[in-house]
Amino acid sequence: CGNPNLPGINNIDSLTHLSLDVPSLSFLDPSNASNLIDLNIKNSVLTSIYLSNCTSLEMLSLEDVDLTTIYLNGANNLQELNLKSTNLSSVDLSTNVNLYSFNCEDNSQLSSLDLTAQNKLEILTCENNSSLQTINLDGADSLYIFNCSYNNQLNTLDLSQNTALTSLQCNDNQLTSLDVSQNTALTGLGCGGNLLTSLDVSQNTALTYLDCSNNQLTSLDV
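Residues numbered from 1 in each chain as written. Predicted model: local features only at pLDDT ≥ 70, side-chain atom pairs only at ≥ 80, totals over all residues. Heavy atoms only, no water.

**A look at the pairing of strand β2 (residues 38-44)**
For step 1, the next point in the chain: Pairing geometry for strand β1 (residues 17-21) and β2, over five bridges, is parallel. Looking at the pairing, Asp21 lines up with Lys42 of β2.
For step 2, the next point in the chain: Pairing of β2 with strand β4 (residues 59-65), which is carried by six bridges, proceeds in the parallel orientation. Note that in β4 the partner of Lys42 across the bridge is Glu63. (Pairing = 2+ DSSP bridges. Helix = DSSP H or I, 4+ residues; strand = E, 2+ residues; numbered from the N terminus.)

So this is what it looks like as structure tokens:
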């Protein structure tokens, strides 16, 4: 399930789980690991990885990796994806329709996220991406935990289709408005550190936690 030009793992088609913490790792090609379910790589200088044919892969974690290119087209069984602290500027998840958990925090080059194909996605964490300006969540109607806080550059957030949301954390962005009128299942809302001049939570009667500190609010009706 990889680029045949890269050195890799051979004659281990029975391998199901692989975990690597190798700072010098720069190439990996698990071409013959056709039964690989779980791949975990930490602390490496790996810049690209080809997983296009990894049809058995369910869990992928690449953390503190110098990754600039990732090929996931064809890894259609992927359910958990962790891309924390990489050098990725974009991620194509259009074919990974079975994702239910996605973490992409601490990626300073990532400028946008398109999650329109992820109608099974339940948990999304995208904190501290200093270039992140847009997130498209249209179609992600199973999402119930969403954290996009801390040092992102979001100025708009369309949550109108994400009616299953119970927890929303969007602190420390550039939001000038926030419409949560369709998110009536919310029990927790954190939107502090933005540029909000008003906040309507009249439809959010299930709220048990609300933090809207450090905005430009002059009134609040709870």
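Having seen the model, we can carry on.
**Quick notes on the nonpolar core**
As a rule of thumb, soluble globular proteins bury nonpolar side chains together.
For step 1, the next point in the chain: Of all hydrophobic cores here, the largest spans 54 residues; its most connected members are Leu39, Ile49, Leu60, Phe102, Phe146 and Leu178.
For step 2, the next point in the chain: Elements with a contribution of two residues or more to this core: β2 and β4.
For step 3, the next point in the chain: In terms of residue count, β4 provides more of this core than any other element does, three residues in total.
For step 4, the next point in the chain: Residues within four places of Phe146 in sequence aside, it is in contact with Leu124, Cys126, Ile135, Leu137, Leu157, Leu159, Leu165, Ser167, Leu168 and Gln169. (Core = buried A, V, L, I, M, F, W, Y, C linked by side-chain atoms within 4.5 Å. Buried < 20%, exposed > 50% of the residue type's maximum accessible area, 1.4 Å probe, protein only. Contact = heavy atoms within 4.5 Å.)

**Description of the packing of aromatic side chains**
Each aromatic ring pair is summarised here by two numbers: the centre-to-centre distance and the angle between the ring planes.
For step 1, the next point in the chain: The final tally for this structure, using the stated rule, is one aromatic pair.
For step 2, the next point in the chain: Between Tyr50 and Tyr71, the ring centres sit 4.7 Å apart and the planes meet at 10°, which makes this aromatic pair stacked. One end of the pair, Tyr50, is in strand β3 (residues 48-50); the other, Tyr71, is in strand β5 (residues 69-71), and 21 residues separate them in sequence.
For step 3, the next point in the chain: Taking the relative accessible area as the measure of exposure, Tyr50 reaches 23% and is therefore partly exposed. (Phe/Tyr/Trp six-rings, centres within 6.5 Å; stacked < 30°, edge-to-face > 60°.)

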